[in-house]
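Coordinate analysis (summary)
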Amino acid sequence: MRGELQQLGRAVKQVQYRQHRALEGGLSAVGATLAQWDALRAISRSPGASARELAAATFQTEQAFGALAGRLVAQGWIERRPGRGRRIEHHLTSSGERVLEAGHKVADEVLARCYTALTDADRATLLALLQRLIVEDA
């Protein structure tokens, strides 16, 4: 049992690593990194979110997300605006929206290649199993 669980954990990590590398390479063609594109996605899903919320959504520390957000501001892809109290809200600019959309197209192509060995039914099953683990962990 222990060996199988370790094999499973390693297989999940290998697939994630391969997917990460493929996305990183594809996104470079649109001038973005995976971390940048993921941050743009998170901001798009939650306009006005704080750095704390966005850090959690992108699996980063607040400090790391703050540094990334600073670079995104410098590139003109996001704006930071004052919110209630000390809260700083994050919003996409039109330039950021264009990069995000180009990234979506790249991600769709890359992920289709990453999971080409699986049928539609296999992908649906894998997604359902992973979501079950995510919910269980929450």
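Just above sits the structure.
Presented here is a report on the structure given in the accompanying data block. (Residues numbered from 1 in each chain as written. Predicted model: local features only at pLDDT ≥ 70, side-chain atom pairs only at ≥ 80, totals over all residues. Heavy atoms only, no water.)

With that settled, the discussion passes to the overall build of the chain. Along the chain, the regular secondary structure elements total 6 helices and 2 strands. Along the first, second and third principal axes, the C-alpha atoms of the chain reach 50 × 30 × 25 Å. Put simply, the chain has 138 residues, and 27% of those count as buried. The contacts in the chain between residues at least 6 apart in sequence include a share of 53% that link residues at least 24 apart. When the accessible surface of the chain is split by element, carbon and sulfur atoms take 55% of a total near 9500 Å². Positive and negative side-chain charges in the chain, numbering 19 and 15 respectively, have mean positions lying 5 Å apart. (Helix = DSSP H or I, 4+ residues; strand = E, 2+ residues; numbered from the N terminus. Buried < 20%, exposed > 50% of the residue type's maximum accessible area, 1.4 Å probe, protein only. Contact = heavy atoms within 4.5 Å. Areas by Shrake-Rupley, 256 points an atom, 1.4 Å probe, with all protein chains shown as cover. Lys, Arg positive; Asp, Glu negative; His and termini not counted. Charge placed at Lys NZ, Arg CZ, Asp CG, Glu CD.)

Right, let's talk about the environment of alanine 56 for a bit. Tracing the backbone through its elements, the reader meets alanine 56 in helix 3 (residues 51-57). Of the residues examined, alanine 56 reaches a relative accessible area of 56% and is grouped as exposed.

Looking now at the pairing of strand 1 (residues 78-82). In this sheet, strand 2 (residues 88-92) lies alongside strand 1 in antiparallel orientation, the contact comprising 5 bridges. Considered in strand 2, the bridge of glutamate 79 is made with histidine 91. Taken together, strand 1 and the strand that follows it, strand 2, pair antiparallel across an intervening segment of 5 residues, in which glycine 85 is found at a positive phi of about 65°. (Pairing = 2+ DSSP bridges.)

Counting through the fold element by element, serine 50 comes out in the loop between helix 2 (34-45) and helix 3. Once residues within four sequence positions are removed from consideration, serine 50 is found in contact with Arg87, Ile88 and His90.

Along the polypeptide, glutamine 36 turns up in helix 2. Accessibility expressed as a relative area gives 9% for glutamine 36, which makes it buried. Side-chain polar atoms of glutamine 36 contact the backbone nitrogen of threonine 33, separated by 2.8 Å. Beyond its immediate sequence surroundings of up to four residues, glutamine 36 is in contact with Gly31, Leu68, Leu72, Gln75 and Trp77. (Polar contact = N/O pair within 3.5 Å; in protein donor to acceptor, adjacent residues only side chain to side chain.)

A cluster of nonpolar side chains, Leu126, Leu130, Leu133 and Ile134, forms an exposed patch at the surface whose accessible area comes to about 360 Å². Among the structural elements, leucine 133 can be located in helix 6 (residues 120-137). (Patch = residues over 30% accessible without salt bridge, like charges linked within 9 Å, V, L, I, M, F, W, Y side chains within 5 Å. Salt bridge = Lys/Arg side-chain N within 4 Å of Asp/Glu carboxyl O.)

What follows is about unusual backbone geometry. One non-glycine residue, phenylalanine 59, adopts positive backbone phi at about 60°. The topology assignment puts phenylalanine 59 in the loop between helix 3 and helix 4 (62-74).

With that settled, consider the nonpolar core. Ranked by size, the top nonpolar core spans 26 residues in total, and within it Leu40, Phe65, Leu72 and Ile78 carry the most contacts. Every element with two or more residues in this core is listed here: helix 1 (2-28), helix 2, helix 3, helix 4 and helix 5 (94-114). (Core = buried A, V, L, I, M, F, W, Y, C linked by side-chain atoms within 4.5 Å.)

Taken as a whole, the largest pocket spans an internal volume of roughly 1400 Å³. Gln16, Gln19, Tyr115, Leu130 and Ile134 are, among the 33 residues lining the largest pocket, the residues nearest its centre. If you list the elements that add at least two residues to the lining of the largest pocket, you get helix 1, helix 2, helix 5 and helix 6. Here the residues of the lining of the largest pocket sort into 21 nonpolar, 6 polar and 6 charged. (1 Å grid on protein atoms, 1.4 Å probe; cavity = no way out; pocket = protein on both sides within 12 Å on 5 of 7 lines; lining within 4 Å. Points joined across faces, edges and corners; volume = space filled by probe spheres on them. Nonpolar A, V, L, I, M, F, W, Y, C, P; charged D, E, K, R; others polar.)

Keep in mind these values describe shape, not function.
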